[in-house]
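Inside the fold
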Amino acid sequence: MGAKLILLLQYFSLSVFAMVLTMALTEANSKRANWGDETVPYTMGKEKMTRLHFYFHDVITGKNPVAVQIAEAPGTNSSPSRFGAMFMIDDPLTEYPHPRSRLVGRAQGFYGHSGINEESLTMGMSLVFTGNKKFNGSTISVISRNPIEHTERELAIVGGTGYFRFARGYISGKTYRVSGPDAIVEYNCTIVHY
């Protein structure tokens, strides 16, 4: 009789535990919206436009490169446009063209040589700003084609974080100096954000 009673109590305890757990999970789930059930009206606020001017330093050579090749296609080395070469970057952004001028941020991301018949990059990068309290830690996201042989070109700003949340706009890029594969590019950003 004792063993049967112990088994019965264990079964009863397990059943009660399962019921309580089921009720608790049901209650928790009923209070939480499903992943797509929450849509509420939202007012973005007043739009602002910010203009920034700085220099992008892409250094592939030397003891401390900030752009490193991470992949290449079978024909990259025989291609005049380096088609298929992929680079990861952490390029400094400075106030003036001299590499030792004040650092205002970093360009972190990647670019790939995407033109077969011309020097053209496809770039995906975040420009992370550190130059002042107002923009510190804020980013703008860029994904764009960059025909680097053109004197002037535009890159698309597709998003942002922090001060530049919901950003859109463009960057006018103009090559300031080229030394072998290394380059300094002047950037003028027009950023629309909330």
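If you look the chain up in an unreviewed UniProt entry, it shows as Dirigent protein from Papaver nudicaule. According to the UniProt record, the Subcellular location (unreviewed entry) comment for the chain reads "Secreted, Extracellular space, Apoplast". Taken verbatim from the UniProt record of the chain, the Sequence similarities (unreviewed entry) comment is "Belongs to the plant dirigent protein family."

Another point: the overall build of the chain. If you tally the helices and strands in the chain, you get 1 helix and 9 strands. Counting helices and strands in the order they occur from the N terminus, the chain gives α-β-β-β-β-β-β-β-β-β. Burial analysis of the chain (194 residues in total) assigns 34% to the buried set. Here the chain has roughly 12600 Å² of accessible surface; of this, 60% comes from carbon and sulfur atoms.

Approximately 400 Å³ is the volume attributed to the largest pocket. Those elements that provide at least two residues to the lining of the largest pocket are strand 1 (48-58), strand 4 (103-113), strand 5 (121-129), strand 8 (168-179) and strand 9 (182-193). By residue number, the principal contributor to the lining of the largest pocket is strand 9, which donates 4 residues. Taken together, the residues of the lining of the largest pocket break down into 12 nonpolar, 4 polar and 5 charged. Considered as a void within the structure, the second largest pocket measures approximately 230 Å³ in volume. In terms of lining, the second largest pocket is formed by His 57, Val 59, Asn 64, Val 66, Pro 92, Pro 99, Arg 177, Val 178, Ser 179, Asp 182, Ala 183 and Ile 184. Mapped by element, the contributors of at least two residues to the lining of the second largest pocket are strand 8 and strand 9.

So, how was this worked out
- Per chain, residue numbering runs from 1 following the sequence as it is written.
- Whole-chain, interface and lining totals are the exception, using all residues; otherwise, since this is a predicted model, local features are given only for residues with pLDDT of at least 70 and side-chain atom pairs are given and counted only at 80 or more.
- To obtain the side-chain values, all non-hydrogen atoms of the structure were used and water was disregarded.
- UniProt positions are given in the numbering used here, feature names are shortened, and annotations may be inferred rather than shown by experiment.
- Each helix is a run of DSSP H or I of at least 4 residues and each strand a run of E of at least 2, with the numbering of both proceeding from the N terminus.
- A 1.4 Å probe rolled over the protein chains alone gives each residue an accessible area, and that area as a share of the maximum for its type sets the label: buried under 20%, exposed over 50%, partly exposed in between.
- Only the protein chains shown count as cover for residues, with accessible areas throughout obtained via the Shrake-Rupley method and a probe of 1.4 Å.
- Lining residues are those with an atom within 4 Å of a point, where the points come from a 1 Å grid over the protein atoms alone and group into cavities, where a 1.4 Å probe fits but cannot get out, or pockets, open sets with protein on both sides within 12 Å along at least five of seven lines.
- Grid points are joined across faces, edges and corners, and a volume is the space filled by probe spheres set on the points.
- Amino acids are sorted into nonpolar (Ala, Val, Leu, Ile, Met, Phe, Trp, Tyr, Cys and Pro), charged (Asp, Glu, Lys and Arg) and polar (every other residue, Gly among them).

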